[in-house]
Amino acid sequence: VFAPEQNILRVSDKDRLVKLMLIEDNKIARKMLEIFCQKLNYQLDCYESVEQALSAFEHHHYDLIITDIGLPELSGYDLAKSIRSSEAEIGAKPI
């Protein structure tokens, strides 16, 4: 049984919030994940487009990225490939 008060995703620094990125063009799905993340005390940045998400990825660190597979501009698979490529170029740990 899942208890919302138990954080599933943990980071090594207990004082730091877990930071998530969500790329989702459906408002209802976005809102559901926002509520879920609030209950878990996660920081969630939501983006409706691939362009917004890639721009944010260049400027922020995320512990986890969640993406819709069927985005209008680019599939979630292709977005993940793009992010992995960017991580490899800068030598970052994959997320």
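What comes next is a walk through the structure.

Parameters at a glance
- Residues numbered from 1 in each chain as written.
- Predicted model: local features only at pLDDT ≥ 70, side-chain atom pairs only at ≥ 80, totals over all residues.
- Heavy atoms only, no water.
- Pairing = 2+ DSSP bridges.
- Helix = DSSP H or I, 4+ residues; strand = E, 2+ residues; numbered from the N terminus.
- Axes fitted to C-alpha atoms, helices over the stretch in contact; angles between N-to-C directions.
- Contact = heavy atoms within 4.5 Å.
- Salt bridge = Lys/Arg side-chain N within 4 Å of Asp/Glu carboxyl O.
- Buried < 20%, exposed > 50% of the residue type's maximum accessible area, 1.4 Å probe, protein only.

**Remarks on the sheet that holds strand β1 (residues 19-23)**
1) Next: The three strands lie next to each other as β2-β1-β3, forming an open sheet whose pairing is parallel. Only two strands of the sheet have a single partner each, and these edge strands are β2 (43-47) and β3 (64-67). Along the sheet, successive strands turn relative to each other by an average axial angle of 20°, direction set aside.
2) Next: Pairing geometry for β1 and β3, over four bridges, is parallel. Looking across to β3, one finds that isoleucine 23 is bridged to threonine 67.
3) Next: Along the sheet, helix α1 (residues 27-39) makes contact with β1, β2 and β3, crossing β2 at roughly 170°.

**Some details on the pattern of salt bridges**
1) Next: Inspection of the entire model under this criterion finds three salt bridges.
2) Next: Where lysine 19 meets aspartate 45, a salt bridge forms, and the shortest distance between an N and an O atom there is 3.8 Å. Residue lysine 19 is located in strand β1, and its partner aspartate 45 is located in strand β2; the two are separated by 26 residues in the primary sequence. Accessibility assignment for this pair places lysine 19 and aspartate 45 in one class, buried.
3) Next: Measuring nitrogen to oxygen at the nearest pair gives 3.8 Å for the salt bridge that ties lysine 31 to glutamate 34. With lysine 31 and glutamate 34 both in helix α1 and three residues apart, the pair spans about one turn of that helix.
4) Next: Of the residues examined, lysine 31 reaches a relative accessible area of 47% and is grouped as partly exposed.
5) Next: For glutamate 34, a relative accessible area of 26% puts it in the partly exposed group.

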